[in-house]
Each structure stands twice: as C-alpha cells, then as structure tokens.
Amino acid sequence: MTSPASSSSSSSSSSSSSSPELPLLPIPGDCGLPFLGAIKDRYDYFYSEGRDQFFRTRMQKYQSTVFRANMPPGPFMSSNPTVIVLLDAVSFPVLFDTSKVEKRNVLDGTYMPSTTFTGGYRVCAYLDPSEPNHALLKSVFMSSLEARHHNFIPLFSSCLPELFTSLEDDISGKGEADFNDISDNMSFNFVFRLFCDKYPSETALGSEGPGVVTKWLFFQLAPLVTLGLSMLPNFIEDLLLHTFPLPPLFVKSDYKKLYNAFYLSGSSILDEAEKMGIKRDEACHNLVFLAGFNAYGGMKAWFPALIKWVGLAGEKLHRRLADEIRTVVKSEGEVTYAAFDKMSLTKSVVYEALRIEPPVPFQYGKVKEDTVVHSHDAAFQIKKGEMIFGYQPFATKDPKVFDDPDEFVAHRFIGDGEKLLKYVYWSNGRESDDPTVENKQCPGKDLVVLLSRVMLVELFLRYDTFDIEYGTLLLGSSVTFKSLTKRPKSDSQ
C-alpha cells in the first residue's frame, strides 16, 4: 500500500497542519454555457458516457481528482447544478465535517424531492445537524436501535430460511432464482418486524410492502436514474425523468397505506418520540423514511452487491469462508456477537464489498465558509456557498491508498489491513468513526455490517458454494442465482 500524504489527517481534509505544503491551484473544469452546459453534462452522464466514464474522462482531462462539473438533474429541477467534484480518498472526508459543510436538503444532491412525499415534513435525512430537530430525531432513531440490539441476530436469522428456501425452489423449478426480488421481500419483513414487532402481513399492507416502498422510492429518485430501455429514446426518457419532477399524487394512496401501517404498529417508537417533544405524525413520517428509504432502500441496494462480489470471488473463497464460519460456530455452539468477533475473513469480506460497491455512492455538502481542500497532489480553495460532490466509488478505489483498488481482495482488512478502514466511507463517515447526533453518519452503520455477516454465516452454514450472474438495475446490481451446492449432511453433524 502507498501511504497518502495526509493519512494522519483528521476527518476533514482541509487541515493543512497534518499534511505537507501543497500548491494552491485554481479548481479546473468547464461547466459550459448556462443551461446548455448542464443539459450536455446530463446527457453525457446518463447516455453518451455513463456514470463512471463521465467522471473518469474529466479526471483524465483535467489531470485532477478535484474539478468542476454539472451534476444531474439540472434544468429545470435544479436551480444550480454546478458542483465541485471530489474523487480521491484525501479530499472526500471534508464532506463529513459539518463544521465546514452544511447538509441541509442535500441528501439527493442539487435538487430535493417535494416534502409531499414525506407528509409535508423535512425528515431527519434532509436536516443539517445545526437544526434542533436533527438531534431530537436522530436520538430517537439511535435509542430505538439500541433498545432492539439484543434482537438483531435472532430476528434476522429467522428471516433467512425463507429466503434460502425460495432460492432453492426457484433454481429447482426454473433453473435460476432472482435474488433481488426474494431479498427485497425478506428485507422488508425484517425491517417492519424490527420496528413494529409484527409481520407486515398482519397489517393492511399485506404482502404489498416491498412494491409500495419501491414505487415511493422511484418517484423521489427518478431524476438520478436511467431506465436503460432500448425501446425508449433517450430524449423521451430524459424529458420524463430528468426535466420535471414526477408528481407525488401518483403515490399518495400508496404512501398513506405505508404511513398507516407504521402509525398503528410502531407505537413504542412514536411514544418515545412524543416524550421528547416531537409531534406524533412528524415522528411517524420520519419513521417511515427511516424504515422505507434508509433501511429497506439501503438493503435493496446492498444485499445484492454483497452476494454479487462474494459470488464472483468463486469457490476458493467460498471454501475459506465456510471453513472459518463452521469452525467458529461449532466452537461457540451458536451464532453470537462473540462468534462474529472471531471471523476475521468474514468481517473483511463485508468491509471489502462495502468499499468496492458502496450502497450510497453520492455525498453532497454546501461549504459554510471559504475553505481549502487537499487532494494528494494539490490544495484548492472553495468559496462559501459552493456545492461539493463526492463520488464514493472512486474515492474508495483510490490507487494511492489501496493496492489493486479495482479488485475484490477478500483479506484486505485483516490484521494491519484494519488500518485502512478509515478510508471506507459508505456510511457517510469513516468506518472507524461512530454516528452521533452531531454528525450525519448513518445511525444503522453497525447494524448493516452485522446483518451482512449474519447473511454470510447463515449462507455458508447451509451451502458449500454457489454460482451467480449479475447485471445492473436503476441504482445498484441485479443478481441471479444459477446454482446452490448444499453442505453435505455428514459435514453438518
């Protein structure tokens, strides 16, 4: 590994005290003519080049990992699509420093979906930590998760047998199994049971929960995606998805059904929120967003990515994981927190998947005061009010930090490799940091890592290996299981 120049710096890359003196350079980049430049960049991003090539082309053109560009959606949804792009591991963490950047209304970038999608409220994800309700709402989320800590492993473990059975049945009957759909159903059941202590099928949602949430998510995130449909001309898709916001009216009844299910079933969390001075309906809209957008939406993107990378690694890694997992579980007698601490390879595999394909690839922040941001090679002054954008898949594949950055290296974070965890940024913070009410780091950060380990443990307690094919979806990967090789019964005695 090549150590970056400012590897000892704090979470903000703006501090020059811990990094060598670097030349202060003007920020390169040409955003083109007003309006027309933003539309050209939008077409390049979605159609002409594609997302990764869009950034790679400009990084090579300007010979810099920091430059100006326009980010979608642009006209007519964004009044100012111009951003300063950060693509390296050193500059990126300034986005976590809430003393330097404001996080108000920037969850989705240079535009914000209508608050009609969330009952008329700006939910916690859109609040800056300086706003009073941020601390109140995040405290409720964090205390709710802490109160359910004892139930994470048994509850998630109880959800997985149905997932594995569905995979087996589909492979047996159809020759393949769509992991995404099966995983979505499992994920929603887990999230609803975690927060509401009952199955969604016991409510008016029935089995519609995943479809309802997915539709609600799509209407908010449509300006950031392309459907990839060959029969739909690009200019028509661009007009439909990226030019004007989709009307919330089309998901109003779906959202009402979702809201009512959480309002009637999530009383323990809503009671706690009321005790802290939060209105019950505001608390419920925040709970729906936490459960539907953050938790279910995150799992919808993340679990297929995890299985994709483990599947692509092949049988050799599968044997190593199975051996570690089975040995530890046999020694411990069951799947416990203590057992997970002894599974160093399993832990490293999860972190490596989070590094190579983070479930949330974008981070935004608006600079509060003039500040200087460092890359590996230069310093750049950013003016107050300018928008910073970080594209995480490039920052966490920084070749000056990680050896073979584009390769999935299962053992990367074992032993001394754990020091590299501070460059894993998927949670809107360093993996080595913890969420607090003062920052914007994901309150479920540790839960996501835990559930990922549970999934791998339960998978390799049942199976020796598996084969998959993968593709892309709107905001993530698609995974199709082609085979599952069961663990021999003689081996499980």
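Quick caveat, the model's predicted, so the values are computed rather than measured.

(A) Region of interest: the overall build of the chain. Across its full length, the chain carries 15 helices and eleven strands. Relative to the globule expectation of 23 Å for 493 residues, the C-alpha radius of gyration of the chain, 22 Å, shows essentially globular dimensions. In terms of overall dimensions, the chain has C-alpha extents of about 65 × 50 × 50 Å along its principal axes. When each of the 493 residues of the chain is scored for burial, the buried share is 56%. Long-range contacts, defined here as pairs at least 24 residues apart, represent 71% of the contacts in the chain between residues at least 6 apart. As displayed, the chain offers around 20700 Å² of accessible surface, 53% of which is attributable to carbon and sulfur atoms.

(B) View of the state of the cysteines. The full count for this structure, using the stated rule, is zero disulfides. Between cysteine 124, a cysteine without a disulfide, and cysteine 442, which holds the nearest cysteine sulfur, the sulfur-to-sulfur distance is 11 Å. Residue cysteine 284 stays outside any disulfide, its sulfur separated by 8.4 Å from that of cysteine 196, the closest cysteine. Overall, cysteine 284 belongs to the buried group, its relative accessible area being 0%.

(C) Quick peek at unusual backbone geometry. Residue proline 73 is reached from proline 72 by a cis peptide bond, and omega for that bond is 10°. Its place among the elements puts proline 73 in the loop between β2 (66-70) and β3 (82-86). Note that the residue after proline 75, namely phenylalanine 76, is joined by a cis bond; omega there is 5°. Inspection of the secondary structure assignment puts phenylalanine 76 in the loop between β2 and β3. Positioned with a positive phi, glutamine 63 is a non-glycine residue whose angle comes to about 50°. Tracing the backbone through its elements, the reader meets glutamine 63 in the loop between α2 (51-62) and β2. Even without glycine at this site, aspartate 197 takes up a positive phi of about 60°. Its relative accessible area of 57% is what places aspartate 197 among the exposed residues.

(D) Main features of the pattern of salt bridges. Tallied over the entire structure, the rule returns 29 salt bridges. The partner of glutamate 386 in a salt bridge is arginine 68, and the shortest N-O contact between them spans 2.6 Å. Remark: arginine 68 occurs in strand β2 and glutamate 386 occurs in the loop between β8 (379-382) and β9 (387-391); sequence separation between them is 318 residues. A salt bridge links arginine 104 to glutamate 102; the shortest N-O distance between them is 3.3 Å. Take glutamate 102: its relative accessible area is 23%, and that puts it in the partly exposed class. What you see here is one network of salt bridges that share partners, running through Lys40, Asp41, Asp44, Glu49 and Arg58.

(E) A look at empty space enclosed by the protein. In total, this model carries four cavities of 30 Å³ or more according to the counting rule given. There is about 50 Å³ of room inside the second largest cavity. Together, Tyr45, Met71, Pro72, Leu224, Phe362 and Tyr364 line the second largest cavity. The residue makeup of the lining of the second largest cavity, split by class, is six nonpolar, no polar and no charged.

(F) Representation of the nonpolar core within the structure. Phe195, Trp216 and Phe481 are the most contacted members of the largest nonpolar core, which has 135 residues in total. Counting residues per element, this core draws most heavily on helix α10 (residues 280-313), which supplies 18 residues. Residue contacts for phenylalanine 481: discarding those within four places in its chain leaves Leu167, Ile171, Gly175, Glu176, Ala177, Phe179, Ile307, Phe466, Asp467 and Ile468. Ranked by size, the runner-up nonpolar core spans 19 residues in total, among them Phe55, Tyr62, Leu87 and Phe362.

(G) Quick look at the sheet that holds β9. A sheet is described by the order of its strands in space; here five strands give the open sequence β2-β3-β9-β6-β4, paired in mixed fashion. Strands at the two margins of the open sheet, each flanked by one partner only, are β2 and β4 (101-102). As defined by bridge partners, β2 adjoins β3 across five bridges and the pair is classed as antiparallel. Along β3, the bridge assignment pairs phenylalanine 67 with valine 85. α2 contacts β2, β3, β6 (362-367) and β9 of the sheet and is inclined by roughly 130° relative to β2.

(H) Fine view of the confidence of the model for the chain. Scored by pLDDT, the chain comes out at a mean of 94, with 96% of its residues at no less than 70. Within the model, pLDDT remains below 50 along residues 1-18, and this stretch shows 46 contacts once partners closer than five positions in the same chain are excluded.

(I) Structural context of the environment of valine 409. Looking at where valine 409 falls in the secondary structure, it is placed in the loop between α14 (392-395) and α15 (445-462). Sequence separation between valine 409 and alanine 313 is 96 residues, and the spatial gap between their C-alpha atoms is 8.8 Å. Once residues within four sequence positions are removed from consideration, valine 409 is found in contact with Glu352 and Asp404.

Thresholds, definitions, all that
Within every chain, residues take consecutive numbers counted from 1 along the sequence as written. Two thresholds apply to this predicted model, a pLDDT of at least 70 for residue-level local features and 80 or more for giving and counting side-chain atom pairs, whereas whole-chain, interface and lining totals are computed over all residues. With hydrogens and water excluded, all non-hydrogen atoms of the structure serve as input to the side-chain values. Numbering of helices and strands runs from the N terminus; a helix is a DSSP stretch of H or I covering at least four residues, while a strand is a stretch of E covering at least two. Each radius of gyration reported is based on C-alpha atoms, and the globular scaling rule is 2.2 Å times the count of residues to the power 0.38. Classification of residues uses two cut-offs on accessible area relative to the type maximum, computed with a 1.4 Å probe and protein chains only: under 20% is buried, over 50% is exposed, and between them is partly exposed. For this analysis, residues touch if any pair of their heavy atoms sits within 4.5 Å. Note that accessible areas follow from Shrake-Rupley with a 1.4 Å probe, and for residues the cover is restricted to the protein chains shown. When the sulfur atoms of two cysteines come within 2.5 Å, that pair is taken as a disulfide. Each salt bridge in this description consists of a side-chain nitrogen of Lys or Arg and a carboxyl oxygen of Asp or Glu lying within 4 Å of one another. Here the term cavity refers to a set of points on a 1 Å grid, laid over the protein atoms alone, in which a 1.4 Å probe fits but cannot get out; the term pocket refers to an open set having protein on both sides within 12 Å along at least five of seven lines, with lining residues being those that place an atom within 4 Å of a point. Grid points are joined across faces, edges and corners, and a volume is the space filled by probe spheres set on the points. Gly is put with the polar residues, along with every residue not named as nonpolar or charged; the nonpolar set is Ala, Val, Leu, Ile, Met, Phe, Trp, Tyr, Cys and Pro, and the charged set is Asp, Glu, Lys and Arg. Joining through side-chain atoms within 4.5 Å is the link that ties buried Ala, Val, Leu, Ile, Met, Phe, Trp, Tyr and Cys residues into a set, and such a set is a nonpolar core. Whether two strands pair depends on DSSP finding at least two bridges between them. Lines fitted to C-alpha atoms define the axes here, with helix axes fitted over just the stretch in contact, and angles between the N-to-C directions of these axes take values from 0 to 180 degrees. Note on scores: pLDDT gives the predictor's confidence for each residue, bounded by 0 and 100.

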